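Here are the chains, one letter per residue:
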Amino acid sequence: MTPPTTDRTTEETAVQAAGSLTRDRKFLRLWGAQTLCQLGVQTTEITLPLVAVLALHASAFEVGALASFQMVAFLLIGLPAGAWMDRVRKRPVLVAASVGRAALLASVPVAGWLDVLTVGQMFGVAFGLGVCTVFFETAYQSYLPSLVGPEQLLEGNAKLESSRSVSQVAGPSAGGWLAQWLTAPTAVVVNAAGFLAAALLMWRIDDSEDRPVSATTRRGMLGEIRQGLTLVFGDRVLRAITLSGAVFNLSWAVTSAMLVLFLQRDLGLSAGAIGFFFAAAGLAAVGGSVLVRPVTARLGVGPAMWLGAVVVGLLGLAVPLADHGWRFWLAGVAFAALNAGLMIVNVNSMSCRQQLCPPGMLGRMSATIRFVMWGVLPVGGVLGGLVADAFTVRAALWTAALTALLAFVPLALSPLRTDQRWRPAGR
């Protein structure tokens, strides 16, 4: 497969198309729903660990396992979910997954009010959320190309990723303060309400999605899974993106599982202060979404990805240095800048994947990549808990930072660095 052209005509077309999606009613509803879902996801990343730590007095290993349970579904059902997704319409899946997440989260405050909440139930809720996330993430990545044209994919992905960034600002901050004011189990109510509102928005999108190819004309499930694996690992660019994402996600899983615990127990921060720490990083990621198009136009898709991965890895080294005083602010600034750089890498990655993939295989491509990228997340959560229990939480964060340094290697060894077609014209 060949990468998208980067001549001046293509760049001018993309510039002319910029902003057009703000007048597209279908995309705006998807965008609004995605924003609400990401707000729920980001709030959950704070409130669920806080429920475990504050209400249930969970150990470091249990906190790490809780994060792992949310991601293990990608290993168990990720590949068949992708093959199945190419057989069905995507919008009903998006609606059902959002309703499912709302119901699962609602069970946490109900159990808390009845004084029957346990760590075991938290693990069950986390696993159920993971199953819903598998289907939601696979569906929405495959759904976007049916709503927008190829020249609008970068803009569409940037806007959708900006939703993730905005929710990284609002979600952790709101989750932290709500947990402090209302108790952590009660704060989960906000998450459930957001997912229900998202389901309503997606339900109202005009149902003009093309009907998938009939299952009678397709290969069996195993054959279609094999097609997805061959597509991803047979293409040098898709393979590099997948391996790089897996390395970084392994690092991120350790960080996300241990950072809340580190800030709360080692540094003694309140729930609200922890929320502010993550909110500042999310605000920086919003800035990163604004920079995606100018940075990509300046450097090209390839350099924006592999150089961005280098910068992200280096910034991550400052996070384990966090301590009281100026070292806390240094870690906070570095963590914020890391999120901005990661935004540029992620948007280019998603747009690149969608343009390289045949339309009829978007579900399998997305599921295969997420199977690898997200499949390492439960490993990272458990690894973080084991290192923290054996040594210290700070040692677990150092393990994550050193791992992230390797994420740029697959990208730098791929055509994204060497092929001129991935660079701007005249460079």
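Residues numbered from 1 in each chain as written. Predicted model: local features only at pLDDT ≥ 70, side-chain atom pairs only at ≥ 80, totals over all residues. Heavy atoms only, no water.

(A) Structural context of the overall build of the protein chain. Helix and strand counts for the protein chain stand at 17 helices and zero strands. Looking at the protein chain as a whole, 56% of its 427 residues qualify as buried. By sequence separation, contacts in the protein chain at least 24 residues apart represent 88% of the contacts at least 6 residues apart. Just so you have it, the protein chain exposes about 17,000 Å², and 67% of that area is on carbon and sulfur atoms. (Helix = DSSP H or I, 4+ residues; strand = E, 2+ residues; numbered from the N terminus. Buried < 20%, exposed > 50% of the residue type's maximum accessible area, 1.4 Å probe, protein only. Contact = heavy atoms within 4.5 Å. Areas by Shrake-Rupley, 256 points an atom, 1.4 Å probe, with all protein chains shown as cover.)

(B) Seen up close, the side chain of S414. Counting through the fold element by element, S414 comes out in the loop between α16 (408-412) and α17 (415-418). Taking the relative accessible area as the measure of exposure, S414 reaches 3% and is therefore buried. Here L411 takes part through its backbone oxygen, which lies 2.8 Å from a polar atom of the side chain of S414. If sequence neighbours within four positions are ignored, S414 has contacts with R236 and A240. (Polar contact = N/O pair within 3.5 Å; in protein donor to acceptor, adjacent residues only side chain to side chain.)

(C) Structural view of the packing of helix α3 (residues 60-85) against helix α14 (residues 377-390). Where α3 contacts α14, the axes come no closer than 6 Å and their chain directions differ by 165°. Regarding the angle of α3 to α14, the classification is roughly antiparallel. Crossing hand, α3 versus α14: left-handed. Of α14, the residues touching α3 (which contributes A60, F61, G64, S68, M71, V72 and L75) are L377, P378, G381, V382, G385, L386, A388 and D389. Across the contact of α3 with α14, the residue classes tally to 10 nonpolar, four polar and one charged. (Axes fitted to C-alpha atoms, helices over the stretch in contact; angles between N-to-C directions. Parallel < 35°, antiparallel > 145°, perpendicular 65-115°, else oblique. Left-handed = near helix turned anticlockwise from the far one by under 90°. Nonpolar A, V, L, I, M, F, W, Y, C, P; charged D, E, K, R; others polar.)

(D) Representation of the packing of aromatic side chains within the structure. All chains considered together, the criterion is met by four aromatic pairs. On the basis of an interplanar angle of 10° and a centroid distance of 4.7 Å, the ring pair of F69 and F123 is categorised as stacked. Here the residue F69 occupies a position in helix α3, and F123 occupies one in helix α5 (residues 119-147), the gap between them amounting to 54 residues. By relative accessible area, F123 is classed as buried at 19%. Connected via pairs of aromatic rings, a cluster forms that spans F248, W252 and F335. Over the face of the ring belonging to F136 we find R101, whose NZ or CZ atom lies 4.6 Å from the ring centre. (Phe/Tyr/Trp six-rings, centres within 6.5 Å; stacked < 30°, edge-to-face > 60°. Lys NZ or Arg CZ within 6 Å of the ring centre and 35° of its normal.)

(E) Geometry of the environment of R417. Considering the arrangement of structural elements, one finds R417 in helix α17. Judged by relative accessible area, R417 falls into the partly exposed class, the value being 35%. When the C-alpha positions of R417 and L307 are compared, they lie 9.0 Å apart, and in sequence the two are 110 residues distant.

(F) How the structure looks around unusual backbone geometry. A positive phi angle, near 60°, is found at D115, a position not held by glycine. D115 gets classed as exposed once you look at its relative accessible area, which sits at 71%.

(G) Just the packing of α3 against α5, in detail. It is the contact of α3 with α5, at a shortest axis distance of 7 Å, that shows an interaxial angle of 35°. Classified by chirality, the crossing of α5 by α3 is right-handed. Tallied by class, the residues present in the contact of α3 with α5 amount to 21 nonpolar, six polar and one charged.

(H) How the structure looks around the nonpolar core. If you look at the biggest cluster of nonpolar residues, it comprises 74 residues, and the most contacted ones within it are L94, M202, M258, L259, F262, L263 and F278. The dominant element in this core, judged by the number of residues it contributes, is α5, at 12 residues. When near neighbours in sequence (up to four residues on either side) are disregarded, L259 contacts F277, F278, V319, F335 and L397. (Core = buried A, V, L, I, M, F, W, Y, C linked by side-chain atoms within 4.5 Å.)

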